[in-house]
Amino acid sequence: MKKFQLILALCMTCLPAFAQQGVDMADTMRSEGKIYVVVGVMAIVFTVVLVYLVLLDRKIGRLERKIRNRAGT
Amino acid sequence: MMRYVWKIAAALLVYYSLVAGLTGEVPRMAILNETIRNIYFHVPMWFTMMALFLVSLIYSLKYLSGSSPDHDLVAAEAARVAMVFGIAGLLTGMLWARFTWGAWWVNDTKLNGSAATMLVYAAYFILRNSVPEKQKRARLSAVYAIFSFSLMIVFIMVLPRLTDSLHPGNGGNPAFGSYDLDSRMRAVFYPAVAGWILVGLWILQIRIRTRKLENTVSI
Amino acid sequence: MRNIFTLVGKEITLEWRNKYALSGVFIYVISTIFICYNAFRQMIDPQAWNALFWIILLFAAVNAVAKSFMQETRGLQLFYYSFLDPQQVILARIVYNSVLMTVISLASFGFYTVFLGNLVADVPMFLLGLLLGSTGFAAVLTLVSAIASRAGNSASLMAVLSFPILLPLLITVIRFSRNAMEGFSWSVNNPHLLVLLSLNALVIALAYLLFPYIWKA
């Protein structure tokens, strides 16, 4: 839980005050909140990769246990 | 517990870098504009590659001092995973270079150094494949890895200092100084690097375990 | 130390006895330069002159040093293995190959200037670059040829293994000799000289430390 709070706090500190003049940035996109769509898409992509990694990890763990048991008996 | 805590840490660090990297505030710089955020996603690929090559190098040294086949296995697999991250770094870098420096490939020592490092490891795998006998293969490839990696360190670390590079921190100053990687960016960049290195190590661990399973089954 | 010089002497006598290998490398260099002469006629651009010269030398070096460990018969290997210290063998080989490469590169420089003209402003500096480049090439290629010969002797393996690791050396030496061609002062070229010297030292030290492991294989 603490970790989530930390992350939230860190995100909050990053948010305010874009409106500096000069160089073109995607300020409109940010003010419309569409940037969160991009964040969401990237988070989903990474989640899928992670889930795949976890599944692989568990499958290999099962196989390892199986072989260890067979060697034991 | 500890067995998977670092994997959770890897996931959380990368998630954090995704969210904070896209929404956080960055310095406003001409030409770069929003692409400055690529630092959070492109540079960690290179850091992860180098970290994994370092793992490979350490295990090559270990192999030469102890001749344990396990060390050879780790050295080869680490180099293999490092190549994957290297390819990711190369492709993302090329795309970024196209839109900031104007070409897919620019003559830059850092670029050439990374490409040469990958060539060296491609040669490393060719060497491995051309020696059928296991012990000899492990020994020769360990020697080659140590020899070539030391030269590549000169390539990547020393040569860029001699000439101007398009990359920040070259041609005199060895830090990120000129990019104005301020404290806000550091707060995202370092977690991103740590997270991706941990993800790389996780993939490495999976590969090592599968190879070990393969070995036990084939006996 | 004495042993090393004896070994170097032995290498030279062996080389002299079957001259065909040595003359093969020379003919290779001369004919390549002649081809370049016919292709370019007149070289005006110093940068291209320099790059072409080093590329010719690179290929000549691979050809000349590749046979270093491959020519040995099984019996000779056994003899070495039982009577000699591996570290003496590698040092002797490196010394011998450096001498060979220096001779080859000096000769190529001679032919090159005859055919394509001399564009070098500071010849002593260029020759220093030539010397350091030759020893560096020789040292790297000696170790790689040892690896390649143990790995089953293919000549293409030698090229694949050596080209990427020759790159740092090649880039530095090309820059160094380009500065020499332009006639820049030593203060401009000092950092390159320093890198060249340290690369040479690094390569020789690594070869010295690592060769015993190949020897055993």
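Scroll up to find the structure this text is about.
Residues numbered from 1 in each chain as written. Chains lettered and ligands numbered in written order. Predicted model: local features only at pLDDT ≥ 70, side-chain atom pairs only at ≥ 80, totals over all residues. Heavy atoms only, no water.

## Observations regarding the interface of chain C and chain B
Where the parts come together, the accessible area they lose is often given as the size of the interface. Between chain C and chain B, the residue contacts involve 29 residues of the former and 27 residues of the latter. Each partner contributes to the roughly 2,600 Å² buried at the junction of chain C and chain B, and carbon and sulfur atoms together form 85% of this total. Between chain C and chain B we count zero salt bridges in total. At the boundary of chain C and chain B, one finds two residue pairs in polar contact (both at pLDDT 80 or more). Considering every element that reaches the side of chain C that touches chain B, the biggest residue donor is helix α8 (residues 186-216) of chain C, with 12 residues. (Contact = heavy atoms within 4.5 Å. Buried area = accessible area lost by both parts, 1.4 Å probe. Salt bridge = Lys/Arg side-chain N within 4 Å of Asp/Glu carboxyl O. Polar contact = N/O pair within 3.5 Å; in protein donor to acceptor, adjacent residues only side chain to side chain. Helix = DSSP H or I, 4+ residues; strand = E, 2+ residues; numbered from the N terminus.)

## Section: the environment of Trp101 of chain B
All names here are of chain B. Position of Trp101 among the secondary structure elements: in the loop between α3 (69-100) and α4 (109-130). Looking at Trp101, the relative accessible area reads 31%, which means it is partly exposed. In sequence terms Trp101 and Ile31 are 70 residues apart; their C-alpha atoms lie 8.9 Å from each other. (Buried < 20%, exposed > 50% of the residue type's maximum accessible area, 1.4 Å probe, protein only.)

## Remarks on the packing of helix α5 (residues 86-116) of chain C against α8 of chain C
For any two helices packed against each other, one specifies the inter-axial angle together with the distance between the axes. All names here are of chain C. The N-to-C vectors of α5 and α8 enclose an angle of 130°; their axes lie 8 Å apart at closest approach. On the basis of the axis angle, α5 is oblique to α8. Like other packed secondary-structure pairs, α5 and α8 cross with a definite hand, here right-handed. Residues Pro86, Gln87, Val89, Ile90, Leu91 and Ile94 of α5 pack against Ile204, Ala207, Tyr208, Leu209, Phe211, Pro212 and Trp215 of α8. Residue composition of the contact of α5 with α8, by class: 12 nonpolar, one polar and no charged. (Axes fitted to C-alpha atoms, helices over the stretch in contact; angles between N-to-C directions. Parallel < 35°, antiparallel > 145°, perpendicular 65-115°, else oblique. Left-handed = near helix turned anticlockwise from the far one by under 90°. Nonpolar A, V, L, I, M, F, W, Y, C, P; charged D, E, K, R; others polar.)

## Observations regarding the environment of Phe211 of chain C
All names here are of chain C. The topology assignment puts Phe211 in helix α8. Overall, the relative accessible area of 1% leaves Phe211 in the buried class. For the pair Phe211 and Ile90, spaced 121 residues apart in sequence, the C-alpha separation works out to 6.9 Å. Sequence-distant contacts of Phe211, that is, excluding residues within four places in its chain, are made with Phe69, Pro86, Val89, Ile90, Leu143 and Ala146.

## Quick look at the pattern of salt bridges
Under the counting rule described, the total for this entry stands at eight salt bridges over all chains. Between Asp57 of chain A and Arg209 of chain B there is a salt bridge, with the nearest N and O atoms lying 2.9 Å from each other. Residue Asp57 of chain A is found in helix α3 (residues 35-72), and its partner Arg209 of chain B is found in helix α6 (residues 183-218); the two belong to separate chains. A residue is classified by how much of its surface remains accessible, and Asp57 of chain A, at 11% relative accessible area, is buried. For the salt bridge of Glu214 of chain B with Arg211 of chain B, the shortest nitrogen-to-oxygen distance reads 3.8 Å. Of this pair, Glu214 of chain B and Arg211 of chain B both sit in helix α6, three residues apart, which is roughly one turn of the helix. Taking the relative accessible area as the measure of exposure, Glu214 of chain B reaches 49% and is therefore partly exposed. In the salt-bridge network here, residues are joined through shared partners; they are Glu77, Arg80, Arg207, Arg211 and Glu214 of chain B.

## Side note on the interface of chain B and chain A
In this assembly, 32 residues from chain B lie in contact with 35 residues from chain A. Both faces combined, the contact of chain B with chain A buries some 3,100 Å², and carbon together with sulfur accounts for 72% of it. At the boundary of chain B and chain A, one finds three salt bridges. Measuring nitrogen to oxygen at the nearest pair gives 2.7 Å for the salt bridge that ties Lys7 of chain B to Asp57 of chain A. Secondary structure elements with two or more residues in the side of chain B that touches chain A: α1 (2-23) and α6 of chain B.

## Focus: a nonpolar patch on the surface
A contiguous nonpolar patch, built from Val37, Val41, Val45 and Val49 of chain A and spanning about 330 Å² of accessible area, is present on the exposed surface. Note on placement: Val41 of chain A falls in helix α3. (Patch = residues over 30% accessible without salt bridge, like charges linked within 9 Å, V, L, I, M, F, W, Y side chains within 5 Å. Areas by Shrake-Rupley, 256 points an atom, 1.4 Å probe, with all protein chains shown as cover.)

## Considering the packing of α4 of chain B against helix α7 (residues 155-182) of chain C
As a packed pair, α4 of chain B and α7 of chain C sit with axes 7 Å apart at the nearest point and diverge in direction by 160°. With respect to their mutual orientation, α4 of chain B and α7 of chain C come out roughly antiparallel. Both α4 of chain B and α7 of chain C take part in a crossing whose hand is left-handed. Here α4 of chain B contributes Thr109, Ala116, Leu119, Val120, Ala123, Ile126, Leu127 and Ser130 of chain B to the contact with α7 of chain C, which in turn contributes Leu157, Val160, Leu161, Pro164, Ile165, Leu167 and Arg175 of chain C. For the contact of α4 of chain B with α7 of chain C, a count of residues per class yields 12 nonpolar, two polar and one charged.

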